[in-house]
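Analysis of the macromolecular model
Here's the letter readout for the chains.
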Amino acid sequence: MKLQLNNVHKSYGAQDVLDGADLQVRGNEKIALIGRNGSGKSTLMKIITKEEEMDSGSLVMESGLQVGYLSQITFEDEEKSVQEELMSVFDDLIQLQARLENQALVLEKDHSEKQLDLYDRLQNRFETLGGYDYEYELKNVFFHFQFEEADLHKKLKEFSSGQRTRIALVKLLLSKPDILLLDEPTNHLDIDSIEWLENYIKHYPNAVILVSHDRMFIDHVVDEIVELEFGKTTRYVGDYSHYIQTKEENLAKNHAAYVRQQEEIKHIESLIEKFRYKKNKAAFAQSKIKYLDRMEKIEDVKKDQSMIKANFSSARKGGNRVLEVEQLQIGYDSILSTVDLNVMRHDHVGIVGPNGIGKSTLIKTLMERLPAKGGHFHFGHQIDLGYFDQDFAQLNSNQSVIDTLWDEYPELDQTELRNTLAAFLFTQDEVFKEVKSLSGGEKVRLALALLMLSHDNVLLLDEPTNHLDIPAKEALEKALKDYDGTILFVSHDRMFLKKMATRIMEMGKESHVYEMGYEEYIEKKKEGTLPKQNQQKKESPEIKNEPKERALTFAQEKNYRNRIAKLESLLEEAEKDLESLRELRYEPEYYQDYRKMEELDSQIDEKHNEIANYTKEWEEKMLALEDK
C-alpha cells in the first residue's frame, strides 16, 4: 500500500467538509476525486501533501514516497529563464552526467578493471534514469503545452499567470513523483493540449490522483473514481461513464433493500407489541427484540438533489437568417483570424481552435466590445443578443446577489427574484452575499441567471462551463438543449461540445465550418477526411427560394451608423479612463514604486492604442458613409 487515508474528519468552523473520508493508493492506478464544488476534494489533496492538518483520522505513507502537487510548485526566482527552471528537475541526472564524463577522462589514462567497472555502473544508471533522453523529453512536454522554442529562453516573469501555471505543470510532469496530484490540470489548455495530456497521464508509470470537472478527460484517463458526497467517500472501479451507471444502480438497489428491511422491522415490531405481555409468548417477543438489536440497519443513502433548474427561452422568434459574417478580420494589434460564417435559426455552433487564435475575440467583436479589423457582419431581423462573458467570474462588485438581479430587472418583485436565484442554487441568506465574495462557480451561476431572465433569441457564450462542477454542467446542458433559440459558443469542454454542437467552426488564420456534430468532426479530423470546402452553405427549407436581399447597402449603412454612435461613446469613455490613469502618476503609491509605475505606463500605452483603434475605425466608417 503506497498511501492510505482512514476515517478523515476536517471542519472549517461550523462546516464539516470531510466526515469519515477514506482513500487508498495501492499501485500505479489513476484515480479521479469527484464531487460538487466545496465537497472537500482539494482539502483531501492538501491533507495528503500535509498542507492541511486533519481534525482526526490517519494518514499512512510508504517510506520515501515522493508526492508531487501542482500548487506546491513555485518559482523562487522569476529572473530565471524557463529552461533553467525546468532543467533544475534534472539536477541529479546532470551531476551523474558530469561524473560519467569525468570517468571517461580517467579511462583515457587508466584502463584498469576497477575504473572500467565504475564507468559501466555510472553509464547503466545514467541510461536507466533516461539520461540520453531528458533534454528531448523536456522539449517534448514543453512544446505540447502551447509553447515555442523561443519561450525556453524567456524569463519566468515575462509570462502571464496562466502561462506560469502551465510551466509549473510541465515541471511537475518532468519530476515524475511516485504519486502525482493534479487539481484541475486541463485549465488554461486548448483541446489539442488536453488530448496530449490525457495520453501522457494514461501512460504515466506511477500513481495519479486528479480533481477535474472535465468529464471526457476523466473518462479517458482514470480506472477508479472516488466520489466525495456529504463528507464521505465512495469508491467505484472504472471510468466516469461506468461510475454514473453503477451509482444509479447501487442507489436503486440500496433503496429497495432499505424499503424491504423497514417493512420487516415494522412487521417484527408489531409482533413484539402483540406478544410481549403474554406469558406464553414473552420469550418469543424477547428473541425478536434481540434480533432487532443485532440487525445491521441499512441506511437509505442520500443523493445530493440540489441541481440548477434553468429554463432558457426567447421572448420573440426572430428571423431565419440570424447572422452573416463575411471576411471578418478580428484581433488587437494584429489580425488573429479571418472569419466567414452563416448562422440560421436553431443552429448550435461550437467554436474550436487553439488558444490565442481569437475565439473569445470573435465573440467580443460580434458583441461590438471590440472593433473589427476588416470585413463585416450583419445580424438578421428582430435578433436579440444575450452574452455570457467568461470574465464575469472576475467581477468584484460590492452589490449583493439579489440587488445585482434587481438592478437589471427592476420590474420583478422580490418573490420572482428569489425564485430565479433559487433555481441557480442561491437560497436563504445566500442571496444577500456580496458578488465580490462569491466563488468562481457562484459568479458563473449568477451570470447565467441574468442571462436566463433576458429571454434573448440568440446566445453568444464564451466558455460558459468554466468554474462549474459536473452536476451544474449537466443541468446547463439540459437547459440549453431545450432552448428555442440559436447558440454560438466557445468551449474547451469536449463533453459540452459533443452534447451541444450541431455545427462546428474551426478557427485558424481562416475559419472552416463543418456541418456535423463534434464527435463526427473529431473522428473525421483524425482520419483526415474532413470536407475541404471552406464554408458549407446551409439553407433552411422554408427560405430556400427566398430572393437575395436587395437592401444590403441600406443594411450596411444602418450597421455603420449604429457602430459610429457606439464608437463615439467608447471614445468618450476611453478618454476619461486615460485621464484617470494619467492622474495616478502623481500618487505616492505609484511614483515611489517603479514596478507599479511601469505597469501604469503600460496601461496608459494600451489605452492610447485602444483610442487610436477606435478613432481609425470611426474615420473609416465616416468616410464610407460620405462616399455613399
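Residues numbered from 1 in each chain as written. Predicted model: local features only at pLDDT ≥ 70, side-chain atom pairs only at ≥ 80, totals over all residues. Heavy atoms only, no water.

As annotated in an unreviewed UniProt entry, the protein carries the name ABC transporter ATP-binding protein and comes from Dubosiella newyorkensis.

Thoughts on the packing of helix H12 (residues 401–408) against helix H13 (residues 414–423)
H13 packs onto H12 with a crossing angle of 120° between their chain directions and a minimal axis gap of 10 Å. One finds that H12 runs oblique with respect to H13. Crossing of H12 against H13: the hand is right-handed. Contacts from Val401, Ile402, Leu405 and Trp406 of H12 reach H13 at Gln414, Leu417, Arg418, Thr420 and Leu421. (Axes fitted to C-alpha atoms, helices over the stretch in contact; angles between N-to-C directions. Helix = DSSP H or I, 4+ residues; strand = E, 2+ residues; numbered from the N terminus. Parallel < 35°, antiparallel > 145°, perpendicular 65-115°, else oblique. Left-handed = near helix turned anticlockwise from the far one by under 90°. Contact = heavy atoms within 4.5 Å.)

Things to note about the domain arrangement of the protein
Along its sequence, the protein is carved into domain 1 (243–294), domain 2 (321–527) and domain 3 (554–627). For domain 2 and domain 3, the distance between their C-alpha centres works out to 26 Å. When domain 2 packs against domain 3, close to 740 Å² is buried across both sides, 42% of that on carbon and sulfur atoms. Among the residues of domain 2 in contact with domain 3, Glu368, Pro371 and His378 are the three that bury the most area, contributing 57% of the side total. Between the two partners, domain 2 and domain 3, sit zero salt bridges. Among the residues forming the side of domain 2 that touches domain 3, the class breakdown is five nonpolar, two polar and three charged. (Domains from an automatic or database assignment. Buried area = accessible area lost by both parts, 1.4 Å probe. Salt bridge = Lys/Arg side-chain N within 4 Å of Asp/Glu carboxyl O. Nonpolar A, V, L, I, M, F, W, Y, C, P; charged D, E, K, R; others polar.)

Topic: unusual backbone geometry
Despite not being glycine, Lys176 has its phi angle at roughly 50°, a positive value. We note that Glu368 has phi near 60°; this positive angle belongs to a residue other than glycine. Positionally, Glu368 belongs in the loop between helix H11 (359–366) and strand S13 (374–379). Here Glu368 falls in the buried class, since its relative accessible area comes to 19%. (Buried < 20%, exposed > 50% of the residue type's maximum accessible area, 1.4 Å probe, protein only.)

Some points on helix H9 (residues 240–275)
Under the 1.5 Å per step criterion, the end-to-end length of H9 is 52 Å for 36 residues, consistent within 8% with the ideal 52 Å. Of the residues making up H9, those classed as buried are Tyr240, Tyr243, Thr246, Lys247, Leu251, Asn254, Ala257, Gln261, Ile265, Ile268, Ile272 and Phe275. Put simply, Asp239 is the residue that caps the front of H9, since its side-chain oxygen is 3.4 Å from the backbone nitrogen of Ser241. (Expected span 1.5 Å × (residues − 1). Polar contact = N/O pair within 3.5 Å; in protein donor to acceptor, adjacent residues only side chain to side chain.)

Details of the packing of aromatic side chains
Tallied over the full model, the rule gives 14 aromatic pairs. Ring centres of Phe90 and Tyr134 lie 5.1 Å apart, and the angle between their planes is 40°; this geometry places the pair in the tilted category. You can see Phe90 sitting in the loop between helix H2 (82–87) and helix H3 (91–107) and its partner Tyr134 sitting in helix H5 (residues 134–143), a full 44 residues away along the chain. Under the relative-accessibility criterion, Phe90 is labelled buried at 7%. For Tyr134, a relative accessible area of 4% puts it in the buried group. Seen from their ring centres, Phe145 and Trp196 are 5.5 Å apart, and the 80° between their planes marks the pair as edge-to-face. One end of the pair, Phe145, is in the loop between H5 and helix H6 (161–175); the other, Trp196, is in helix H7 (residues 191–202), and 51 residues separate them in sequence. Grouping residues by exposure puts Phe145 and Trp196 together as buried. Arg166 extends its terminal NZ or CZ atom over the ring of Phe147, reaching a point 4.7 Å from the ring centre. The ring of Phe426 carries Arg445 above its face, with NZ or CZ at 5.0 Å from the centroid. (Phe/Tyr/Trp six-rings, centres within 6.5 Å; stacked < 30°, edge-to-face > 60°. Lys NZ or Arg CZ within 6 Å of the ring centre and 35° of its normal.)

Some words on the packing of H12 against helix H14 (residues 440–454)
For the pair H12 and H14, the least separation of the axes is 11 Å and the interaxial angle reads 25°. By the angle between their directions, the pair H12 and H14 is classed as roughly parallel. Note on packing geometry: the crossing formed by H12 with H14 is right-handed. Where H12 approaches H14, its residues Val401, Thr404, Leu405 and Glu408 are matched on the opposing element by Leu446, Ala449, Leu450 and Leu453. Looking at the contact of H12 with H14 residue by residue, the class counts come to six nonpolar, one polar and one charged.

Looking at the side chain of Thr420
Here Thr420 lies in helix H13. Accessibility expressed as a relative area gives 9% for Thr420, which makes it buried.

A look at the pattern of salt bridges
Scanning the model with the defined rule gives 32 salt bridges in all. The salt bridge involving Asp117 is made with Arg121; its shortest N-O contact spans 3.2 Å. Placement of both Asp117 and Arg121 in helix H4 (residues 113–128) is noted, with a separation of four residues, approximately one turn of the helix. Residue Asp117 is classed as partly exposed on the basis of its relative accessible area, which comes to 39%. Residue Arg121 is classed as partly exposed on the basis of its relative accessible area of 48%. For Asp482, the salt bridge identified is with Lys478, shortest N-O distance 3.5 Å. In terms of burial, Asp482 and Lys478 fall into one category: exposed. Residues joined by salt bridges that share partners form a network here, namely Arg215, Lys473, Glu477, Asp493 and Lys499.

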